[in-house]
Amino acid sequence: MVFMDRHLQQVNTWYDTLMFANSPKQARTAARELVKLVLGEGALSQPLEESLRTVCRRLRPAEDAKEQARFEAEFLELVTAPTSASHTIAA
């Protein structure tokens, strides 16, 4: 139980780091850590975009395929443009 709580805390920490990344390097680091935590070390050998789509499906699944595609695109945008409008909308 403690392991699961710690794991969930780590996932949340890296997700928050990705959400509020100030640089592309910080965003990529957070993205890789999320991939490693959610999918395991083996996923690091796959293309980052593919792995992040899988992470998104696990963390934020949608019943509608169009909605899922939008979620994934927004999630990928966090890595490719960490200081974009997706961050300023919340402000």
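Here, the structure is the one placed above.
Residues numbered from 1 in each chain as written. Predicted model: local features only at pLDDT ≥ 70, side-chain atom pairs only at ≥ 80, totals over all residues. Heavy atoms only, no water.

A.B. asks: Just to check I follow, could you spell out the side chain of Glu72 for this structure?
C.D. replies: Residue placement: Glu72 occurs in helix α4 (residues 65–80). For Glu72, the side chain forms a polar contact with the side chain of Arg53, separated by 3.2 Å. (Helix = DSSP H or I, 4+ residues; strand = E, 2+ residues; numbered from the N terminus. Polar contact = N/O pair within 3.5 Å; in protein donor to acceptor, adjacent residues only side chain to side chain.)

A.B. asks: Sorry, what's going on with the packing of helix α2 (residues 24–39) against α4 here?
C.D. replies: Relative to each other, α2 and α4 sit at 130°, their axes nearing to 7 Å. Taken together, the axes of α2 and α4 lie oblique to each other. The segment α2 lies against α4, with Ala27, Arg28, Ala31 and Leu34 engaging Phe75, Leu78 and Val79. The class makeup of the residues in the contact of α2 with α4 is six nonpolar, no polar and one charged. (Axes fitted to C-alpha atoms, helices over the stretch in contact; angles between N-to-C directions. Parallel < 35°, antiparallel > 145°, perpendicular 65-115°, else oblique. Contact = heavy atoms within 4.5 Å. Nonpolar A, V, L, I, M, F, W, Y, C, P; charged D, E, K, R; others polar.)

A.B. asks: Just to check I follow, could you spell out the nonpolar core for this structure?
C.D. replies: The tendency in soluble globular proteins is for nonpolar side chains to be buried as a group. One finds Leu18, Leu34, Leu52 and Phe75 to be the most contacted residues of the largest nonpolar core, which totals 19 residues. Elements with a minimum of two residues in this core: α1 (2–19), α2, α3 (48–59) and α4. (Core = buried A, V, L, I, M, F, W, Y, C linked by side-chain atoms within 4.5 Å. Buried < 20%, exposed > 50% of the residue type's maximum accessible area, 1.4 Å probe, protein only.)

A.B. asks: Explain the pattern of salt bridges to me, please; I cannot follow it from the model alone.
C.D. replies: Any two side chains of opposite charge can pair, given that their charged atoms come close. In total, this model carries five salt bridges according to the counting rule given. In this structure, the salt-bridge partner of Arg53 is Glu49, at a minimum N-O distance of 3.2 Å. One end of the pair, Arg53, and the other, Glu49, are both in helix α3, four residues apart, so they sit about a helical turn from each other. Between Glu72 and Arg53 there is a salt bridge, and its shortest N-O distance comes to 3.2 Å. Of this pair, Glu72 sits in helix α4 while Arg53 sits in helix α3, and the two are 19 residues apart along the sequence. (Salt bridge = Lys/Arg side-chain N within 4 Å of Asp/Glu carboxyl O.)

Interpretation note: all reported values are geometric properties and have no functional meaning in isolation.
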